[in-house]
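Remarks on the overall topology
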Amino acid sequence: MMTIWRMLALALSLAATPALAQDEGRVADYKQSEAVLARYKPVPIPLATPALTRGTPGLTTQAELEAFVADLAAKAPGRVVLGSLGKSQQGRDLPYLIFSKEGLKDPAVLKALGRPVVWFVGQQHGNEPAGAEAMLALAHDLALGDLGAVLDKLVVVIVPRSNPDGAAADKRPGASGFDLNRDHLLLTLPETKALHAKLAELPPDVIVDVHEFSVANRWLEKFGGLNAADAMILYATNPAVPAPTTQIAAELVKPAMEKAMAEKGLTSFWYFTTSYRKDDKLVSMGGNAPGIARNLFGLSGAVSFLIETRGVGLQLENLERRIATHYVIARSVLDTVAANDKAVQAAVKAARAELAANQGELIVAHRIATETVAIPLVDPASGADMPTPVEFRDSRKVTVTSRRARPEGYLVLPAGQAALDALRLKGIASCALAGPVTLEVEAFMVEQKGPVKKIDRENINPDQAVKVELRPRRMDVPANAVFVPMTQMGANVIAASLEPDSPGSHVGVGVVETAPASGEAPIYRVPRGTKLALAAGGDVACGR
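A brief structural summary. Bear in mind the structure is a predicted one, so any value in this text is a computation, not a measurement.

Describing the overall build of the protein chain
Counting secondary structure elements, the protein chain contains 15 helices and 20 strands. When the backbone C-alpha atoms are referred to their principal axes, the protein chain occupies close to 70 × 55 × 40 Å. The burial tally for the protein chain puts 59% of its 544 residues in the buried class. Contacts in the protein chain between residues at least 24 apart in sequence constitute 80% of all its contacts with a sequence separation of at least 6. Side chains of the protein chain give 58 positive and 58 negative charges; the mean places of these two sets differ by 2 Å.

Here is the structure:
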């Protein structure tokens, strides 16, 4: 059972950095002026989604979504396979679709095709529906339309709606009140557990997480304008993301997105947000915390993107244009990756080899650069452009302030089982010991400073709620300890989970508890070069 403190700590962590976006669950509905509505005209693209084809206003219901994807699978069995990730907290289905030229389902066979695997994840936030609608239109055109030609070069997986409970309630979080997009490191929610179990079976080379952003409230209150861009785009920005995939994201995929949008008269900008405090005029690009989908997938070696369209608070206003924007971007991703399949695969292979080599040092803390940038706003009355200079934190531009030696791996005692379970769901190998052993290790002595009170906007550990001291010690390691080696492509995800002062780590938020008297974590660093006797039957990462 989870203690009261652990539940509180978990809630705080899931509401933390870049956390300001968490407050969008409170966004009030806003009616745009006629001039603004006229600025955002429909885009003339056929979009086969129930919300736009049924002839009555509204969003695609869960029943309509399930019927729609089942119909696609029935009509195009040679291209699409329908499956279920599992169930939501309230028992709703989590369907997904796999598209291939051969209509295959088995992950091993799909990987053996040697094609890039592209994932799309829709509607993690229930009050951001346009992405899910666009994913249905994309699925239709992959199954039955001309877009199916990309399957000569790609395997595509679409999860149209990953938070059906939030969608049913028109609320940002899942049924428990926790934000799914802050749970990708911890994996405490059934929806994120189900997603990562499938991702581990068929790892993405490219993954796109689709959302919507708030248009009015904070922007009107602080700057007197509405958020203007049709889409805001950001790739993985945690500084531990490998350079080869960041280069593909920045120099190949993002320019293709912007070109495709411009051809349809759509505008884009970097993703940014701001707090709800009226006196805080700082505007921040999406943060670097590893528990956000965009960063977690990037840390795993994939080319990873967040796409947001202007929609939260607008209800059905400009819905067709919002859906079309997501569709245009998603289609550009498929066309670009298909046209550059070998380059994308080479970058991902290089990134994952770099991760598994476990070279260099871990980044413990960094600062993000702040500069003056004109953000695109629109006058709420006239609909005219209103570029507005603001103090802007650019999460791509960081200065590392603290590093730590990489270990050979980590020893995790039974009290750290929650962290092990999350890592295993991500496909990360862990190894049983051959027996008890006496070993030189580094212990984490953790000081919990208490609940988050104020976000430190400069550091990678923004709430500063956890302070760590490393203490060398000679330890009698019990046979039931588990070794997690760093010589695997999940190395940076392992470190993000198990180093207590990593933002949102299992120890840092109290999901894995420290010893009450000493503050010692049930996780230990194994120094480089240490050889461990492991139980028979392990896999390659465990030296088998």
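Don't stop here, the text continues.
Here we look at the pairing of strand S3 (residues 117-122)
When you tally the buried positions in S3, you get 6 out of 6 residues, the bulk of the element. Relative to strand S4 (residues 155-159), S3 is paired through 5 bridges, and the arrangement is parallel. Each bridged residue has a counterpart across the sheet, and for Val118 the counterpart in S4 is Val156. Once you follow S3 into helix H6 (residues 130-144) and on to S4, the crossover reads as right-handed. The pairing of S3 with strand S5 (residues 206-214) spans 5 bridges and is parallel. Paired with Phe120 across the bridge in S5 is Val208.

Remarks on the packing of helix H10 (residues 243-263) against helix H12 (residues 319-339)
Two numbers describe how H10 lies on H12: the axes approach to 9 Å, and their chain directions differ by 135 degrees. Overall, the two elements H10 and H12 adopt an arrangement that is oblique. As for the relative orientation of H10 and H12, their crossing is right-handed in sense. Residues Leu252, Val253, Ala256, Met257, Ala260 and Met261 of H10 pack against Thr325, Val328, Ile329, Ser332, Val333 and Thr336 of H12. In terms of residue class, the contact of H10 with H12 is made up of 9 nonpolar, 3 polar and no charged.

Quick look at the pattern of salt bridges
Counting across every chain of the model gives 30 salt bridges. Of the charged contacts, one joins Asp71 and Lys75 as a salt bridge, the two residues approaching to 3.0 Å between their closest N and O atoms. With Asp71 and Lys75 both in helix H4 (residues 62-75) and 4 residues apart, the pair spans about one turn of that helix. Taking the relative accessible area as the measure of exposure, Asp71 reaches 34% and is therefore partly exposed. We classify Lys75 as exposed; its relative accessible area is 53%.

Thoughts on the packing of aromatic side chains
When we look at a pair of aromatic rings, we describe it by the centre distance and by the angle of the planes. Per the stated rule, a full pass over the model turns up 6 aromatic pairs. When the centroid spacing of 6.1 Å and the interplanar angle of 25 degrees are considered together, the rings of Trp219 and Phe223 count as stacked. Placement of both Trp219 and Phe223 in helix H9 (residues 217-223) is noted, with a separation of 4 residues, approximately one turn of the helix. On the basis of relative accessibility, which here comes to 16%, the residue Phe223 falls in the buried class. With 5.8 Å between their ring centres and 80 degrees between their planes, Tyr235 and Trp270 make a pair best called edge-to-face.

Focus: the pairing of strand S7 (residues 231-235)
Each regular strand carries side chains that alternate between the two faces of the sheet. Most of S7 is tucked away: 5 of the 5 residues are buried. Of the two faces of S7, the one lined by Ala231, Ile233 and Tyr235 and the one lined by Met232 and Leu234 are each fully buried. Here 3 bridges tie S7 to strand S8 (residues 268-270), and the two strands are oriented parallel to one another. Bridging from a neighbouring strand, Ile233 pairs with Trp270 of S8. Regarding topology, H10 serves as the crossover connection from S7 to the parallel S8, and that connection is right-handed. Of the strand pairs in this sheet, S7 and strand S11 (residues 303-312) are connected by 5 bridges, and their pairing is antiparallel. Note on S11: the bridge partner recorded for Ala231 is Thr309.

Here's the deal with the sheet that holds strand S12 (residues 361-375)
Two pairing modes exist for strands in a sheet, parallel and antiparallel, and in both the strands are linked by backbone hydrogen bonds. Across the sheet, which stays open at both edges, the 4 strands sit in the order S9-S10-S14-S12 with mixed pairing between neighbours. The outermost strands of the open sheet, each flanked by one partner alone, are strand S9 (272-274) and S12. Within this sheet the neighbouring strands show an average axis-to-axis angle of 35 degrees, counted without direction.

Focus on the sheet that holds S4
Taken in spatial order, the 8 strands line up as S1-S2-S4-S3-S5-S11-S7-S8 in an open sheet, and their pairing is mixed. At either margin of the open sheet sits one strand with a lone partner, and together these are strand S1 (80-87) and S8. Put simply, the sheet's adjacent strands are angled 25 degrees from each other on average, direction ignored.

A short note on the side chain of Thr336
Among the secondary structure elements, Thr336 is positioned in helix H12. For Thr336, a relative accessible area of 11% gives the class buried. There is a polar contact of 2.7 Å between the side chain of Thr336 and the backbone oxygen of Ser332. Apart from residues no more than four positions distant in its own chain, Thr336 is found in contact with Leu252, Val253 and Ala256.

Let's talk about helix H14 (residues 417-425)
Residues spaced three or four apart along an α-helix point in a common direction, a consequence of the helix completing one turn every 3.6 residues. Listed in full, the buried residues belonging to H14 are Ala419, Leu420, Ala422 and Leu423. Down the axis of H14, the smallest arc covering the buried residues is 165 degrees, so these residues share one side. Contact partners of the buried residues in H14: strand S15 (409-412), strand S19 (482-485) and helix H15 (491-498). Just downstream of H14 lies Gly427, where phi reads positive at about 85 degrees.

Looking at the environment of Leu195
Within the element layout of this structure, Leu195 appears in helix H8 (residues 190-201). Relative accessible area serves as the criterion here: at 3%, Leu195 is assigned to the buried category. Not counting residues up to four positions away in its chain, the partners in contact with Leu195 are Leu85, Trp119, Val121, Val159 and His184.

Observations regarding the environment of Ala249
With respect to the helices and strands, the residue Ala249 is situated in helix H10. Classification of Ala249 by relative accessible area gives buried; the value is 3%. Considered as a pair, Ala249 and Ala302 are 53 residues apart in the sequence and their alpha carbons are 9.6 Å apart.

Cut-off values and rules
- Residues numbered from 1 in each chain as written.
- Predicted model: local features only at pLDDT ≥ 70, side-chain atom pairs only at ≥ 80, totals over all residues.
- Heavy atoms only, no water.
- Helix = DSSP H or I, 4+ residues; strand = E, 2+ residues; numbered from the N terminus.
- Buried < 20%, exposed > 50% of the residue type's maximum accessible area, 1.4 Å probe, protein only.
- Contact = heavy atoms within 4.5 Å.
- Lys, Arg positive; Asp, Glu negative; His and termini not counted.
- Charge placed at Lys NZ, Arg CZ, Asp CG, Glu CD.
- Pairing = 2+ DSSP bridges.
- Right-handed = clockwise from strand over helix to strand, strands pointing away.
- Axes fitted to C-alpha atoms, helices over the stretch in contact; angles between N-to-C directions.
- Parallel < 35°, antiparallel > 145°, perpendicular 65-115°, else oblique.
- Left-handed = near helix turned anticlockwise from the far one by under 90°.
- Nonpolar A, V, L, I, M, F, W, Y, C, P; charged D, E, K, R; others polar.
- Salt bridge = Lys/Arg side-chain N within 4 Å of Asp/Glu carboxyl O.
- Phe/Tyr/Trp six-rings, centres within 6.5 Å; stacked < 30°, edge-to-face > 60°.
- Polar contact = N/O pair within 3.5 Å; in protein donor to acceptor, adjacent residues only side chain to side chain.
- Arc of directions from axis to C-beta.

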